[in-house]
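For reference, the chains in residue letters:
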Amino acid sequence: MKGRGRLIALGAVLLAILGFVFLRGPSPHIQIRPEVLADLGLFQLTNTMLTGWVVVALMVLIVFLMTRRWELVPRGPQNVLEAIIEAFYNLVVNVVGEKNGRRFFPVVATIFFFILFANWFALTPIFNVIGLVKEVHVEPTAAEEEPHEGTAFVMERLDAGPLTIAYTDFSGVGNWQGEAVHLDEPDAAAKIEEKTSQGKLVGEFFPFLRSLNTDVNTPLALALASAIAVEFWGISALGLGAYGSKFFNFRRLRQGLLSFKPSLIFEGAIDAFVGFLELISELVRIISFTFRLFGNMFAGEVVILMFTFLTPLLLTLPFYGLELFVGVIQAFIFAMLTLVFGSMAVSHGEAHGEAGAEEHMGEAAPTLAASTERSSHH
C-alpha cells in the first residue's frame, strides 16, 4: 500500500510538472466589467448577458426533457426532479410554515436554482477559452493623452477560407509562457509591429461565455428582485399603511406634540429613529446581497483562471471542487436570506396586528368594566 501511495504521489507531481512546462498559456487579463461582444445601438451585448440567455435556455430545456413524459407514478428523471423540488419545498415549509411556505416557495426556489445552475455551469471548460479576437493596432506617439488599457495576446493565425482562426501556442522549454503584450507599456506599439511582421495576430480576446455572477449587474438584479418580493409579501400581509409604519412611525411623536407630553415626545422620537434605521437596513441589505455573491464568485473565477493557465493539470482540480461547494453555498445563502427576510416582513405585520388588537382591547377595558359593574348592580 505504501508503494502504491508513493507511485500515486509521484504521478501527481509528474502531471503537475508536465502541465507547468508544456501546457501553460499566457497570463489571463482579469477585469471586473464584462467584455462587450457587439454594439447593437440600443444596448451592448456582453458575454455575461449571452451567458444569462444560455443559462435560462438550458434550464428550460433540462426541465422539459425531464418532464416531457409526465407520469402519475414518477420514475427516472421525473423522479429525480420531483425529489429535488420536494426536498427544497419541505425545507422552506419547515422554516416559515405551510401557509407562508406555499407563498414564498416559487420565488425562493427560482433564486436558488438559477444561481446554483449559473455557478456550476460556469465551471465547464467552454468558459473564458472560446471567443472573439479583435486585432489591436497601436500607433506610436510621443505622448498619448489616453493610454491604451488591457492585454493583447500574440496568437497564431490560421485562415480557413473567409474565416480566420486564432489560437495561442502551448508553452515549452524555450517558451515558458504564451506571449502577450500589455497595451499600457511604452514599447507596446513596437512589440505589436514586430509580431505582426512575423505573420502572427496580436489582439484582445473577448470570451463568448463568462461566469454570470462575476458581472456585478447580475447579483444586483437578483438582490433587487429579492427585495421587491420581500416588500410585496410584507405589504400584502398587512397593507401599505400598516407595513409602511415599520419605516415611518410618527404616531406617538405626533400624539406627544399635540398633547405636550415630553415623555411621549421622547418615545415617539425613538420610534421615528428606529423606523429610519429599519429603512436604512432594507437598503443596505441590497448592497450586502449584491457584493456577497459577486465577491465570492469573482474571486473563485480569478483563482481558477490563474491556476488553469499556470498548472493546467491536476492542481486545478481541488479549486474546482471548492468552487462546486462555494456555488451551492452562495445559492443557498441568497435563497435562505430571502426566505428569512420575507418571514420577518410577514411576522412584523402579524405582530403589529396583534399589538394593535391588544392596544384596542386595553382602551376598551374601562368601558367593559363599567358596563359589567352596572349590570351587577341591576
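Presented here is a report on the structure given in the accompanying data block. (Residues numbered from 1 in each chain as written. Predicted model: local features only at pLDDT ≥ 70, side-chain atom pairs only at ≥ 80, totals over all residues. Heavy atoms only, no water.)

Here the focus is the layout of surface pockets. Approximately 560 Å³ is the volume attributed to the second largest pocket. Along its surface, the second largest pocket is lined by 17 residues, and Met59, Val63, Leu81, Phe113 and Phe117 are the ones closest to its centre. Top contributing element to the lining of the second largest pocket by residue count: helix α3 (residues 77–121), with 13 residues. Class assignment of the residues belonging to the lining of the second largest pocket gives a composition of 16 nonpolar, one polar and no charged. (1 Å grid on protein atoms, 1.4 Å probe; cavity = no way out; pocket = protein on both sides within 12 Å on 5 of 7 lines; lining within 4 Å. Points joined across faces, edges and corners; volume = space filled by probe spheres on them. Helix = DSSP H or I, 4+ residues; strand = E, 2+ residues; numbered from the N terminus. Nonpolar A, V, L, I, M, F, W, Y, C, P; charged D, E, K, R; others polar.)

Moving on, we get to the packing of helix α7 (residues 251–259) against helix α8 (residues 262–310). It is the contact of α7 with α8, at a shortest axis distance of 7 Å, that shows an interaxial angle of 155 degrees. Classified by the interaxial angle, the pair formed by α7 and α8 is roughly antiparallel. As for the relative orientation of α7 and α8, their crossing is left-handed in sense. Between α7 and α8, the residues in contact are Arg252, Leu253, Gln255, Gly256, Leu257 and Ser259 and Leu264, Ile265, Glu267, Gly268, Ala269 and Asp271, respectively. (Axes fitted to C-alpha atoms, helices over the stretch in contact; angles between N-to-C directions. Parallel < 35°, antiparallel > 145°, perpendicular 65-115°, else oblique. Left-handed = near helix turned anticlockwise from the far one by under 90°. Contact = heavy atoms within 4.5 Å.)

Bringing a nonpolar patch on the surface into the picture now. A cluster of nonpolar side chains, namely Phe273, Phe276, Leu277, Ile280, Leu283 and Val284, defines an oily patch on the protein surface of about 560 Å² accessible area. If you trace the backbone, Leu277 turns up in helix α8. We classify Leu277 as partly exposed; its relative accessible area is 42%. (Patch = residues over 30% accessible without salt bridge, like charges linked within 9 Å, V, L, I, M, F, W, Y side chains within 5 Å. Areas by Shrake-Rupley, 256 points an atom, 1.4 Å probe, with all protein chains shown as cover. Salt bridge = Lys/Arg side-chain N within 4 Å of Asp/Glu carboxyl O. Buried < 20%, exposed > 50% of the residue type's maximum accessible area, 1.4 Å probe, protein only.)

Our focus in this paragraph is helix α2 (residues 47–67). With 21 residues, α2 ought to run about 30 Å at 1.5 Å a step, and its terminal C-alpha atoms sit 30 Å apart, in line with that. Tucked into the core, α2 has its buried residues touching β1 (36–39), β2 (44–46), α3 and β7 (201–207). (Expected span 1.5 Å × (residues − 1).)

Our focus in this paragraph is the packing of aromatic side chains. The tally for this structure, following the rule as stated, stands at 13 aromatic pairs. Plain terms: the ring middles of Phe88 and Phe105 are 6.2 Å apart, the flat faces sit at 50 degrees to each other, and that makes the pair tilted. We classify Phe88 as buried; its relative accessible area is 7%. The buried category is assigned to Phe105, whose relative accessible area is 15%. Relative to Phe121, the ring of Phe117 lies with its centre 5.9 Å away and its plane at 15 degrees, an arrangement referred to as stacked. Of this pair, Phe117 and Phe121 both sit in helix α3, separated by four residues, roughly a single helical turn. Cluster of aromatic residues (ring-pair linked, three or more members): Phe88, Tyr89, Phe105, Phe112 and Phe113. The ring centre of Phe341 lies 3.6 Å from the NZ or CZ of Arg285, which sits over that ring. (Phe/Tyr/Trp six-rings, centres within 6.5 Å; stacked < 30°, edge-to-face > 60°. Lys NZ or Arg CZ within 6 Å of the ring centre and 35° of its normal.)

Here the focus is the environment of Phe206. With respect to the helices and strands, Phe206 occurs in strand β7. Along the chain, Phe206 and Gly131 lie 75 residues apart, while their C-alpha atoms are 5.4 Å from each other. Excluding residues that lie within four positions of it along the chain, Phe206 makes contacts with Glu35, Val36, Leu37, Gly131, Leu132 and Lys134.

Moving on to the pattern of salt bridges. Here the structure, examined in full by the defined rule, presents four salt bridges. Salt-bridge contacts for Arg285 lead to Glu282; the nearest nitrogen and oxygen are separated by 3.1 Å. Highlighted residues: Arg285 and Glu282, both in helix α8, separated by three residues, approximately one helical turn. Arg285 sits in the buried class, given a relative accessible area of 16%. The exposure class assigned to Glu282 is buried, which follows from its relative accessible area of 9%. Look at the salt bridges and you will find they share partners, linking Lys246, Glu282 and Arg285 into a network.

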